[in-house]
Amino acid sequence: EPEVTQTPSHQVTQMGQEVILRCVPISNHLYFYWYRQILGQKVEFLVSFYNNEISEKSEIFDDQFSVERPDGSNFTLKIRSTKLEDSAMYFCASSVSGGSEAFFGQGTRLTVV
Amino acid sequence: GESVGLHLPTLSVQEGDNSIINCAYSNSASDYFIWYKQESGKGPQFIIDIRSNMDKRQGQRVTVLLNKTVKHLSLQIAATQPGDSAVYFCAENGPGSARQLTFGSGTQLTVLP
């Protein structure tokens, strides 16, 4: 069964450092997303990406965040200068169309120290 | 602001009993709803979805009911099994777009032996 894969599963970084979280969406999906979940809280939307550009972003997705699809398979989330409050699980998701079910990866646990 | 919320944070049921997990939503413009299951340390796993032109949808052991009049969504799990123990989130598309999902706070379902 096709699945969304994310690497690494856990990333520890020092405050102020840049991190790149990587995702391989399901191959025939056209819409890609990043969500985050702070420990014990609800899953929050960050950004959606379609046709090689951001289609929507939330207030959380400020200038410190960026996304990229560097090739035909990877989809990355970059945090330029991490803050303590960026510590969370980051989930990548993909869907065939914008209004269809999104399949989530297993997540990357980001710990900023 | 408009949000998706859950009535109960925790639910315990006996193995073999039926479970009902409830969700209230307030965005009347939402037309697509999904139930996700999240096990500890894993990403949200799609269970079942329903569009606003339907009142009920059945899957394997699960049924989703949508009451648009009172903006209420429920997930029924038949013959609950230990493997059903997880946090269950309802999610709705929006605000503003079909491409992003707004998640509720989650209900922790515990299946007792």
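Calculation criteria
Residues numbered from 1 in each chain as written. Chains lettered and ligands numbered in written order. Predicted model: local features only at pLDDT ≥ 70, side-chain atom pairs only at ≥ 80, totals over all residues. Heavy atoms only, no water. Helix = DSSP H or I, 4+ residues; strand = E, 2+ residues; numbered from the N terminus. Buried < 20%, exposed > 50% of the residue type's maximum accessible area, 1.4 Å probe, protein only. Contact = heavy atoms within 4.5 Å. Pairing = 2+ DSSP bridges. Axes fitted to C-alpha atoms, helices over the stretch in contact; angles between N-to-C directions. Disulfide = S-S within 2.5 Å. Buried area = accessible area lost by both parts, 1.4 Å probe. Salt bridge = Lys/Arg side-chain N within 4 Å of Asp/Glu carboxyl O. Nonpolar A, V, L, I, M, F, W, Y, C, P; charged D, E, K, R; others polar.

Chemist: I'd love a proper account of the overall build of chain B, names of residues and values included.
Modeler: A count of helices and strands for chain B gives zero helices and 11 strands. The buried share of chain B, taken over its 113 residues, is 43%. In chain B, the proportion of contacts linking residues at least 24 apart, taken out of those at least 6 apart, comes to 52%.

Chemist: Run through the sheet that holds strand 7 (residues 65-68) of chain A, naming residues and quoting values.
Modeler: Residue and element names in this part refer to chain A. Here we have four strands laid out as an open sheet, ordered 1-3-8-7, and antiparallel in their pairing. With partners counted over all chains shown, the strands left at the sheet margins are strand 1 (5-7) and strand 7, one partner each. The mean angle between the axes of side-by-side strands here comes to 20 degrees, regardless of whether they run parallel or antiparallel. Judged from the three bridges that link them, strand 1 and strand 3 (residues 19-24) form a sheet pairing that is antiparallel. Its bridge partner lying in strand 3, Thr7 is registered against Arg22.

Chemist: Lay out the state of the cysteines in plain terms, naming residues and giving numbers.
Modeler: A covalent bond between the sulfur atoms of two cysteines is referred to as a disulfide. All names here are of chain A. Counted according to the given criterion, the structure contains two disulfides over all chains. Across a sulfur-sulfur distance of 1.9 Å, Cys23 and Cys92 are joined as a disulfide pair. With the S-S dihedral at roughly -65 degrees, the linkage between Cys23 and Cys92 falls on the left-handed side. With Cys23 in strand 3 and Cys92 in strand 9 (residues 88-95), this residue pair connects regions lying 69 residues apart in the sequence. Accessibility expressed as a relative area gives 0% for Cys92, which makes it buried.

Chemist: So what about the interface of chain A and chain B? Which residues, and what values?
Modeler: Of the residues lining the interface, 19 residues belong to chain A; the matching set on chain B comes to 22 residues. With both sides pooled, the region where chain A packs onto chain B buries about 1700 Å², and carbon together with sulfur makes up 51% of that total. Broken down residue by residue, the surface that chain A buries against chain B is led by Lys42, Glu56 and Glu101 of chain A, which jointly contribute 28%. Counting across the interface, chain A meets chain B through zero salt bridges. Sorting the residues of the side of chain A that touches chain B by element identifies strand 4 (31-37), strand 5 (44-50) and strand 6 (53-57) of chain A as the ones contributing at least two each. A total of four residues in the side of chain A that touches chain B trace back to one element, the largest contributor, which is strand 4 of chain A. Taken together, the residues of the side of chain A that touches chain B break down into eight nonpolar, eight polar and three charged.

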